[in-house]
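# Topology and contacts: notes
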Amino acid sequence: MDNRKEVREFLTSRRAKISPEQAGLPAGSRRRVPGLRRSEVAALADVSVEYYAKLERGNLAGASPAVLEAVARALQLDDAERAHLINLAHAAEGSDALTRPRRRTTRGWAAHRSLQWVLDAFTAGPAFVRNGRMDLLATNQLALAFYDDVYASAGNQANLARFQFLDPASRRFYPDWDLAADMAVAILRTEAGRNPHDKDLHDLVGELSTRSDDFRTRWGAHNVRHHGTGTKRFHHHTVGDLTLAYEGLEMAAEPGLTLTVYAAEPGSPSEEGLRLLSTWAATPQALAPHSDSNSSSSSSSSE
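Residues numbered from 1 in each chain as written. Predicted model: local features only at pLDDT ≥ 70, side-chain atom pairs only at ≥ 80, totals over all residues. Heavy atoms only, no water.

## Points about the nonpolar core
The nonpolar side chains of soluble globular proteins are, as a tendency, buried together. Note the threshold: Side-chain atoms within 4.5 Å are what join buried Ala, Val, Leu, Ile, Met, Phe, Trp, Tyr and Cys residues into a set we call a nonpolar core. Note on exposure labels: buried denotes an accessible area under 20% of the residue type's maximum, exposed denotes more than 50%, and partly exposed covers the range between, all computed with a 1.4 Å probe on protein chains only. Each helix is a run of H or I in the DSSP string that is no shorter than four residues. Each strand is a run of E no shorter than two, and both are numbered from the N terminus. What makes two residues a contact is simply this: any of their non-hydrogen atoms within 4.5 Å.
If you look at the biggest cluster of nonpolar residues, it comprises 42 residues, and the most contacted ones within it are Phe 146, Tyr 147, Tyr 174 and Leu 188. Breaking this core down by element, the ones donating at least two residues are helix 8 (141–146), helix 10 (160–166), helix 12 (177–194), helix 13 (199–211), helix 14 (213–219), strand 4 (240–250) and helix 15 (269–281). Tallying contributions element by element places helix 12 first for this core, with nine residues. With residues near it in sequence (within four places) discarded, Leu 188 still touches Gly 132, Arg 133, Met 134, Ala 161, Leu 201, Leu 204, Leu 208, Phe 215 and Trp 219. In terms of nonpolar packing, the next biggest core, distinct from the first, is built from 24 residues, Phe 10, Ala 63, Leu 68 and Ala 74 among them.

Take a look at the structure:
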């Protein structure tokens, strides 16, 4: 991806989000741009207007850690946004390959036996490994059943982002569809900053931008996030509504991969739902693609 364009659009979009009041500055009455002016960001970061303008034009090469931190403070970046800015600076320097662990390709990647044992040891909730492109690379049996909708269509290519934006079944599976869509794009945007030369990621972004207005609009917002912990709502076509907590763990032995585990609150209806899903997953017909009639009946029951 074009690093200068990424930097320019990211910094411009963050500047537009900060109001003068949020920055402790007088609002004034004659503002031509949303958010802060370049001169105001420069003053808050204690750099010259000319130097900040150079940064915002996309030239982060040579920016010191102190300057990057000052810009991050001026723009009130959160942890994920600050990390994204640093990743963009590394890419601008051409030093990203030297400052991060080697990222293994996931083409033809298979979980080694001990990793699969770990996944299979999680029996109370879905557990899976994904990369930054949101490809599902390895699962336990419950995750395979949980993401049955994803695997039901070969067009999804076991990719959660394709499922989110190109498969109508995602509208039922994610009751909070807009929130899930925002999160998916933020994960991909974060990965683009970490790994800007990933051709498979370029191809995925190009495909989704071409085929989905919802994706294209969100991609242009340049939002990023760390996807570590939280709670999500789902609607599975077999067991109904589920509210699950999740924990995402970066895998030290496999740079760029994340192990995610979902769990339900003990004693909750969602815990019972996962038990039912586990029972269903153990039946021979469970992993066969479910029929369209089942999908439509589930969809109508969720409305």
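Here the narrative resumes.
## A word on the confidence of the model for the chain
Threshold: The predictor reports its confidence for every residue as pLDDT, a score running from 0 up to 100.
Mean pLDDT over the chain: 88, with 88% of residues reaching 70 or higher. Contacts of residues 96–104 to residues separated by more than four positions or lying in other chains number 20 contacts, the stretch itself having pLDDT below 50. Within the model, the stretch residues 291–303 combines pLDDT values under 50 with nine contacts to residues more than four positions away or in other chains.

## Some thoughts on the packing of aromatic side chains
Cut-off, in case you're wondering: In summary, the pairing rule links any two rings of Phe, Tyr or Trp, Trp by its six-membered ring, whose centres are within 6.5 Å, and it sorts them by plane angle into stacked for under 30 degrees, edge-to-face for over 60 and tilted for everything else.
All told, the structure shown has 17 aromatic pairs when counted by the stated rule. Their ring planes at 70° and their centres at 5.8 Å tell us that Phe 163 and Phe 173 sit as a pair that is edge-to-face. With a gap of 10 residues between them, Phe 163 in helix 10 and Phe 173 in helix 11 (residues 170–173) connect regions that are remote in the sequence. Residue Phe 163 is classed as buried on the basis of its relative accessible area of 0%. With centroids separated by 6.0 Å and ring planes inclined at 50°, the aromatic side chains of Tyr 174 and Phe 234 adopt a geometry described as tilted. In this pair, Tyr 174 is assigned in the loop between helix 11 and helix 12 and Phe 234 in strand 3 (residues 229–236), connecting sequence segments 60 residues apart. Owing to a relative accessible area of 7%, Tyr 174 belongs among the buried residues under this scheme.

## Some points on the sheet that holds strand 3
Under the convention used in this document: Here, strands pair whenever DSSP counts at least two bridges between them. Note on geometry: axes are C-alpha line fits, over the in-contact stretch for helices, and angles between N-to-C directions span 0 to 180 degrees.
Read from one edge to the other, the open sheet built from five strands follows the order 2-1-5-4-3, with strand pairing classed as antiparallel. Whereas interior strands pair on both sides, the edge strands pair on one side only; in this sheet they are strand 2 (136–139) and strand 3. Strand after strand, the sheet turns through a mean of 30° between neighbouring axes, direction not considered. Relative to strand 4, strand 3 runs antiparallel, the two sharing eight bridges. Bridged to Lys 232 within strand 4 is Leu 244. The strands touched by helix 7 (residues 113–121) are strand 1 (127–131), strand 2 and strand 5 (257–263); relative to strand 2, the strand with the most contacts, the crossing angle is about 70°.

## Considerations on the pairing of strand 4
Once strand 3 ends, the chain turns through three residues before running back antiparallel as strand 4. Hairpin connection, strand 4 to strand 5: the antiparallel pair is bridged by six residues, and Gly 256 has positive phi, about 95°.

## Notes on helix 15
Applied cut-off: Expected helix span is computed as 1.5 Å times (number of residues minus one). What the arc covers is the set of directions going from the helix axis to the C-beta atoms.
Under the 1.5 Å per step criterion, the end-to-end length of helix 15 is 18 Å for 13 residues, consistent within 8% with the ideal 18 Å. For helix 15, the full list of buried residues reads Ser 270, Gly 273, Leu 274, Leu 277, Trp 280 and Ala 281. Along the axis of helix 15, the buried residues cluster in a sector spanning 120°; they form a single face. Tucked into the core, helix 15 has its buried residues touching helix 8, helix 9 (148–152), strand 3 and strand 4.

## Some remarks on a positive patch on the surface
The condition that has to hold: What goes into a patch is any residue over 30% in relative accessible area without a salt bridge, connected to like charges within 9 Å or, for nonpolar side chains (Val, Leu, Ile, Met, Phe, Trp, Tyr), within 5 Å. For accessible areas, the Shrake-Rupley method is used with a probe of radius 1.4 Å. Any residue's cover is judged against the shown protein chains and nothing else. Any Lys or Arg side-chain nitrogen found within 4 Å of a carboxyl oxygen on Asp or Glu counts as a salt bridge. Residues scored as positive are Lys and Arg, those scored as negative are Asp and Glu, and His as well as the terminal groups of each chain are ignored. Taken as the charge centre is NZ of Lys, CZ of Arg, CG of Asp or CD of Glu, depending on the residue.
Taken together, Arg 4, Arg 8, Lys 54 and Arg 57 make up a surface patch of like positive charges. The residue Lys 54 is located in helix 3 (residues 49–56) in this model. Residue Lys 54 is classed as partly exposed on the basis of its relative accessible area of 31%.

## Considerations on the packing of helix 1 (residues 3–17) against helix 5 (residues 79–93)
Here is the rule we go by: Note on terminology: angles under 35 degrees are roughly parallel, angles over 145 are roughly antiparallel, angles of 65 to 115 are roughly perpendicular, and the others are oblique. By definition, any crossing whose near helix is turned counterclockwise from its far helix by less than a right angle is left-handed, and any crossing with a clockwise turn is right-handed. Polar here means any residue other than Ala, Val, Leu, Ile, Met, Phe, Trp, Tyr, Cys and Pro, which are nonpolar, and Asp, Glu, Lys and Arg, which are charged; Gly is therefore polar.
One can describe the packing of helix 1 onto helix 5 by two numbers: an axis separation of 10 Å at closest approach and a directional angle of 155°. Between helix 1 and helix 5, the crossing angle belongs to the class labelled roughly antiparallel. Read as a crossing pair, helix 1 and helix 5 show a hand that is left-handed. Residues Asn 3, Glu 6, Val 7, Phe 10, Leu 11, Arg 14 and Lys 17 of helix 1 form the contact with helix 5, whose own contacting residues are Glu 81, His 84, Leu 85, Leu 88, Ala 91 and Ala 92. Class assignment of the residues belonging to the contact of helix 1 with helix 5 gives a composition of seven nonpolar, two polar and four charged.

## Remarks on the pattern of salt bridges
Close approach of charged atoms lets side chains of opposite charge pair. On inspection of all chains with the given rule, the structure shows 24 salt bridges. For Asp 178, the salt bridge goes to Arg 218, with nearest N and O atoms at 3.0 Å. Placement of Asp 178 in helix 12 and of Arg 218 in helix 14 is noted, with a sequence separation of 40 residues between them. Here Asp 178 falls in the partly exposed class, since its relative accessible area comes to 46%. Residue Arg 218 is classed as buried on the basis of its relative accessible area of 16%.

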